[in-house]
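Inside the fold
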Amino acid sequence: MVRACPEPFVPPQEPYMTDSMNPSTDDFASMFESSAAAAAMQEGQVVPATVIRIENDAVLVDIGLKTEGRIPVREFSMEDDQPKPGDIVDVYLDRIENALGDAVLSRDKARREERWIKLEKSFNANEPVKGAISGRVKGGFTVDLGGVNAFLPGSQVDIRPVRDVGPLMGEVQPFAVLKLDRARGNIVVSRRAILEESRAEQRAEIVSDMAEGDVRKGIVKNITDYGAFVDLGGIDGLLHVTDMSYKRINHPSQVVEVGQEVEVQIIKINPETQRISLGMKQLGSDPWDGIDVRYPVGARLKGVVTNITDYGAFVELEDGVEGLIHVSEMSWTKKNVHPGKILSTSQEVDVEVLDVDSEKRRISLGLKQTMDNPWSAFLAEHPIGTEIEGEVRGITEFGLFVGLGPDLDGMVHINDISWEQSGDQAIEAYNKGDMVKAKVLDVDVDKERISLGIKQLAGDPMEALDTGGVKRGATVTCTVTEVTSGGIEVEFGNPAIKSFIRRSDLSRDRADQRPERFAVGDKVDAKVIQVDRGTRRISLSIKALEIAEEAEAVAQYGSADAGASLGDILGAALASSSVGAKAAPAAGGDADANGRLAAPQGEADDLKKIKGVGPAFEKKLNEAGIFHFWQIASMTDDQLATLEEEVGTSGKGADWKAEAEALQG
């Protein structure tokens, strides 16, 4: 800053000497004051200086030191008023004395110091400063703030990204100081903050004149993927893509274009953020009004596929009304297929209304409902019991899947493959691609299942038992198919039925209860002692047949008038027996070879007289043909062992026999 001298300039006189070259008291005082002023000055300060004269390339100034200071004339070129002799200017004292004894002064540095002081005041007061964009640097621009350079980040140039900054270069305009560090000489400014503050004031004024529901005209300024920004006269509002039309829109450019004048309705105003939401479709009637009446459940309609997703396809029924065909409602048979492989966009399709929710604005549609149900059609063409033929398409641990056409499969459960073999064994005989015949067992239209059976083609062998006379108590001729340590496996009947005769049922005589005495292929007669249709098991016993035949012989030939001994009776009966076992002589009374009776003879002895035989054992002994203690007394050790096994006791036979013999006397 240059300050003019108020009085005519008078060159300073030499303060150190008088004309007589002898210093006076006043001279010493002046010298002392000059020395004190010089001592008060410090390097790095801004001090006032008086312009003495101006030479070709320098301005000579006096700052009160012993020597004059020289400042290049070019440092005053940016000032409005050029310095004149006598003017007072602020200069920066860089060095009090250099190698030549001159003070090093700078007008530019003084001007920068003045500017820094003003910038600090503006920064502390949160006031804008004037400046001009002077150049481009990495990440932004440089701004000249009147001799001090500041950094303007690229994001702080404008509210929205600016492609061309050329028109802003060199233009003096206000900036907000975001950061100031004088020690490092670092200043960060923002033009955007000034614009936002100005725009906020304008927006507040404009928004105050608006109300939700107002209809206004505006100009489309910008289009994005999610909507369009509309200028409402100094403030922008967002017209979201979902509020442009009731019909599906893939991109806002399908409805509006930049520069187009549109009529919109103000949907919502946020007083805090001053954001305005706009709508166009709200100006027309809502097509969802009365949707329940126009599209009742069960109605069949035509529509156009507008969009396909992973979970289904959207079908336009009219402008602004769309329904969804879920992937599960597209095909009766194609369950795990992408909707895009069944339908395509712009395709016209027939659909059926499954559900309408007017509140949620949703309509559920069905495509497969307009086609015949293949399970119903199959049942009509193949009633239960029909024989079919198909290819084995899949084999799992629980059965076979048999193809019944291009889209249908039926399943043969593992238990419906064979009557004779177990499921695991029977399924091993089949391979993928084999052609098989089966019978339709069941068709569940609701669950979309078809049950087939292969073994049902041959008929159930258990059902043939009644017609073949095989029932409990019947005698059958069996063929031995396998001999094991626990018994023998046999088969009989036509179709063949398998059964297993346990070791204890191979004979009445314990000595003959040896499976090894039989061979595969042997023919044996046995009695049916149990038929369980639930478990499909038939129990046979050779032992039961022997007992029955002997009891029959006693009943037939054992009359008191016959005059025949028991040996004769048993001999005649056993001679006609198909078992051919040898009968032992009776031991007491009319008992059989094993000491058994079909019924008590005379007054029955009380078996409970034998120690350890209570009501329960007495009942079991009676069932085994033992009614008198004399029967036990006359039994052999093997017969007692067999009896013990039957009645479920062990080790008591010898005691029973000893007590029975004692009772018999």
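In this report, the structure presented in the accompanying data block is examined.

Thresholds, definitions, all that
Residues numbered from 1 in each chain as written. Predicted model: local features only at pLDDT ≥ 70, side-chain atom pairs only at ≥ 80, totals over all residues. Heavy atoms only, no water. Helix = DSSP H or I, 4+ residues; strand = E, 2+ residues; numbered from the N terminus. Buried < 20%, exposed > 50% of the residue type's maximum accessible area, 1.4 Å probe, protein only. Contact = heavy atoms within 4.5 Å. Arc of directions from axis to C-beta. Polar contact = N/O pair within 3.5 Å; in protein donor to acceptor, adjacent residues only side chain to side chain. Core = buried A, V, L, I, M, F, W, Y, C linked by side-chain atoms within 4.5 Å. Pairing = 2+ DSSP bridges. Axes fitted to C-alpha atoms, helices over the stretch in contact; angles between N-to-C directions.

What about the side chain of D286?
- Turning to its location among the elements, D286 is positioned in the loop between strand 16 (275-279) and helix 4 (291-294).
- Relative accessible area serves as the criterion here: at 19%, D286 is assigned to the buried category.
- The contact partners of D286, leaving out residues within four places of it in the chain, are Y246 and R361.

So, helix 5 (residues 374-381)
- Taken residue by residue, helix 5 has P374, W375 and F378 as its buried positions. Mapping the buried residues of helix 5 onto a view down its axis gives an arc of 100 degrees, with all of them on the same face.
- Structurally, helix 5 contributes buried residues whose contacts are with strand 25 (435-444) and strand 26 (449-453).
- N-cap assignment for helix 5: the residue whose side-chain oxygen lies 2.9 Å from the backbone N of W375 is N373.

Here we look at the nonpolar core
- Judged by nonpolar contacts, the single largest core of 21 residues is most densely connected at F378, L400, L404, V412, I417, I450 and L452.
- Breaking this core down by element, the ones donating at least two residues are helix 5, strand 22 (387-396), strand 23 (399-403), helix 6 (423-427), strand 25 and strand 26.
- A per-element tally of this core places strand 25 first, with 4 residues.
- With near-sequence residues (within four places) excluded, L400 lies in contact with G394, I395, G410, M411, V412, I417, I427, Y430 and I454.

Observations concerning the pairing of strand 18 (residues 312-318)
- In terms of burial, strand 18 is largely enclosed, as 6 of its 7 residues are buried.
- As judged from the 5 bridges shared by strand 17 (residues 300-309) and strand 18, these two strands associate in the antiparallel manner. In the strand pairing of strand 18, V305 is matched with V315.
- Between strand 17 and the antiparallel strand that follows it, strand 18, lie 2 residues.
- Direction of pairing for strand 18 relative to strand 19 (residues 321-326): antiparallel, over a ladder of 6 bridges. Opposite G312, over in strand 19, you have H326 as the bridge partner.
- Hairpin geometry of strand 18 and strand 19 is characterised by an intervening segment of 2 residues between the two adjacent antiparallel strands and by a positive phi of about 90 degrees at G320.

Remarks on the sheet that holds strand 30 (residues 523-532)
- The 5 strands are arranged 29-28-27-30-31 in an open sheet whose pairing can be described as antiparallel. Two strands in the sheet have a free side with no partner beyond their single neighbour: strand 29 (497-502) and strand 31 (537-541). Direction aside, the axes of adjacent strands within the sheet are offset by 50 degrees on average.
- In terms of strand pairing, strand 27 (residues 475-484) meets strand 28 (residues 487-492) through 5 bridges, oriented antiparallel. Looking at strand 28, one finds that T479 is bridged to E491.

Focus on the sheet that holds strand 13 (residues 227-231)
- Here 5 strands make up a closed barrel; going around it, the order is 12-13-14-16-15 and the pairing mixed. For this sheet, the mean angle separating the axes of adjacent strands, direction not counted, is 50 degrees.
- Bridge count for strand 13 against strand 14 (residues 236-240) is 5 bridges, and the pairing is antiparallel. For A228, the partnering residue across the bridge sits in strand 14 and is L239.

Points about the environment of A377
- With respect to the secondary-structure elements, A377 resides in helix 5.
- Separated by 68 residues in sequence, A377 and V445 have C-alpha atoms that sit 9.6 Å apart.

All quantities given are derived from atomic positions and should not be read as evidence of function.
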